Every structure is written in structure tokens, then in C-alpha cells.
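Notes for the structure review
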Amino acid sequence: MNRYAWADTAFDLAWTLAVVAGRTARDVLAAYGAAEGCQAEWLTFQAAMDERNEHLDELGLLQLKEHGEHLLVVEPNGWIGNGPEVARKLSGPQGFFLSVYWSANGDHQIVQAQDGQLTARFDPTFIGRPAGANDMIPGWVEPDDFLLEHLRSASLLAIERVTGVGFEDAWLNEPLMTYRLPYSGD
């Protein structure tokens, strides 16, 4: 988990990070609600976060990075990829979707879907405690996987274990293709 220790102290980091397999960038943009033909701008995560925070009630931002056969989808201070409907859509008919959401307020959620079916939706804060009414805990989760003091790094480690994609913190400083999304007040 030391590889992701930086995430546990990145207190201003609010985002949804998703890993998608079996879909194109166009599929991802459509599922997230981007306008047809929207153009990308190259922004670092911080520049996108600043713009998102400045226009919080006006637009969302979506950043894409290709990584082998996967697409990484980053939403600075966004939560569209936290929704089960997006997960189902982007995992079907023969794909895979896994997202990790955390907010500046301490909210956390992990959503997973495969082949168009939701396979996980849970708040890792409560692993080892009675599940909530809507929780779906996947078989790959162990009781000690999400210790509270390392919740963020554990979430990134879970993405790596499940998808094989290790998130590099340097990517936060790399300009990524960034798209503007219509505001979603959900």
C-alpha cells in the first residue's frame, strides 16, 4: 500500500476514478452525458479541478487516459461514474467497469459491473460492519482491505488488484484529454 500512501494525505483530492475495459472513448463520453462531438482540451488534474470548482453548478469535467486495453476516467470533484447505471452501460455487453469515488467530505463508494450487470456497490468505510440496504460486497473484498487510516490508498490498491491497472500519481500532473459535461445535480 506504500505505493499509494500519497493518496491518504491528499486531503483536497475529490474525484471519481474509473477503469473501463471493452469500450471506446466515444462510448465513455456518451455514457457520462457528453455532447456529441465535444472537443477535448489538455488539462492537468489540478487545472481541471480548479475549473470544476469554479463552475461547480454549471458543468462537470471528465478526463480520459488510455492505459493498455483500459481507459482511465477521472472526474475531478465529480460523481457521475459513481452511478450504477453508468457502470452497467459501460460494462455491457462484454466489458468491465470499476470506479472509486471519494469526496472532500469523506464520502466513499466503490462500484463495479461486468457484462452489463452490477457486481459491487459499497462504501469501503463500513467493511467489516453490517452492510447497508443497498450494499453489494464482491467476493474479492476481505475484512482488513479498507482500514480507515488508509482508505484512499486501499481503494487505489483495490483497483490495481482487480483490474491490473496501477494508478500513477504522476498522472495527476500530466495533461489529459479533458471534456466538459453538462451539469448533473444528482
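If you walk through the whole model with that rule in mind, you get seven aromatic pairs. Pairing Trp 15 with Phe 45 gives two aromatic rings, centres 5.8 Å apart and planes at 80°, and the pair type is edge-to-face. Of the two residues, Trp 15 sits in strand S1 (residues 15–21) while Phe 45 sits in helix H3 (residues 45–54), which places them 30 residues apart along the sequence. As far as the burial class goes, Trp 15 and Phe 45 line up, both buried. Centroid distance Phe 167 to Trp 171: 5.3 Å. Interplanar angle 85°. Geometry classified as edge-to-face. An identical accessibility class is assigned to Phe 167 and Trp 171; each is buried. Taken together, the ring pairs in this structure connect Trp 6, Trp 15, Phe 45, Trp 102, Phe 167 and Trp 171 into an aromatic cluster.

Together, Asp 50, Glu 54, Asp 57 and Glu 58 line one region of the surface with negative charge. Along the polypeptide, Asp 57 turns up in the loop between H3 and strand S3 (59–67).

What follows is about unusual backbone geometry. A cis amide bond links Gly 92 to the next residue, Pro 93, at an omega of -5°. The phi angle at Asn 77 is positive, at roughly 50°, despite the residue not being glycine. Located in the positive-phi region is Asp 115, a residue other than glycine, with phi close to 55°. As for its placement among the helices and strands, Asp 115 is situated in the loop between strand S6 (108–114) and strand S7 (117–122). Using a relative accessible area of 42% as the deciding quantity, one classes Asp 115 as partly exposed.

Our next topic: the nonpolar core. Soluble globular proteins tend to bury their nonpolar side chains together. Counting 33 residues, the largest nonpolar core has Trp 6, Trp 15, Phe 146, Leu 156 and Phe 167 as the members making the most contacts within it. Put simply, the parts of the chain that give this core at least two residues each are helix H1 (5–8), S1, H3, strand S4 (70–76), strand S5 (96–102), S7 and helix H5 (151–163). The leading source of residues in this core is H5, at five residues. Every residue in contact with Leu 156, bar those within four places of it in the chain, is listed here: Tyr 4, Trp 6, Ala 7, Trp 15, Leu 17, Trp 102 and Phe 167. Of all hydrophobic cores here, the second largest spans 21 residues; its members include Val 28, Ala 34, Leu 64 and Leu 118.

This brings us to the pattern of salt bridges. Going through the model one piece at a time under the given rule, you end up with seven salt bridges. The closest approach of N and O atoms between Arg 3 and Glu 160, which form a salt bridge, is 3.5 Å. Taken as a pair, Arg 3 in the segment before H1 and Glu 160 in helix H5 lie far apart in primary sequence, 157 residues in all. Residue classification places Glu 160 among the partly exposed positions, given a relative accessible area of 23%. Taking the shortest distance from any N to any O, the salt bridge between Glu 168 and Arg 3 comes out at 2.6 Å.

With that settled, consider the pairing of S7. Side-chain positions along a regular strand alternate between the two faces of the sheet. One ladder, built from five bridges, connects S6 with S7; its direction is antiparallel. Opposite Ile 110, over in S7, you have Phe 122 as the bridge partner. Connecting the antiparallel pair S6 and S7 is a turn made up of two residues, with Asp 115 showing a positive phi of about 55°.

What counts as what
- Residues numbered from 1 in each chain as written.
- Predicted model: local features only at pLDDT ≥ 70, side-chain atom pairs only at ≥ 80, totals over all residues.
- Heavy atoms only, no water.
- Phe/Tyr/Trp six-rings, centres within 6.5 Å; stacked < 30°, edge-to-face > 60°.
- Helix = DSSP H or I, 4+ residues; strand = E, 2+ residues; numbered from the N terminus.
- Buried < 20%, exposed > 50% of the residue type's maximum accessible area, 1.4 Å probe, protein only.
- Patch = residues over 30% accessible without salt bridge, like charges linked within 9 Å, V, L, I, M, F, W, Y side chains within 5 Å.
- Areas by Shrake-Rupley, 256 points an atom, 1.4 Å probe, with all protein chains shown as cover.
- Salt bridge = Lys/Arg side-chain N within 4 Å of Asp/Glu carboxyl O.
- Lys, Arg positive; Asp, Glu negative; His and termini not counted.
- Charge placed at Lys NZ, Arg CZ, Asp CG, Glu CD.
- Core = buried A, V, L, I, M, F, W, Y, C linked by side-chain atoms within 4.5 Å.
- Contact = heavy atoms within 4.5 Å.
- Pairing = 2+ DSSP bridges.

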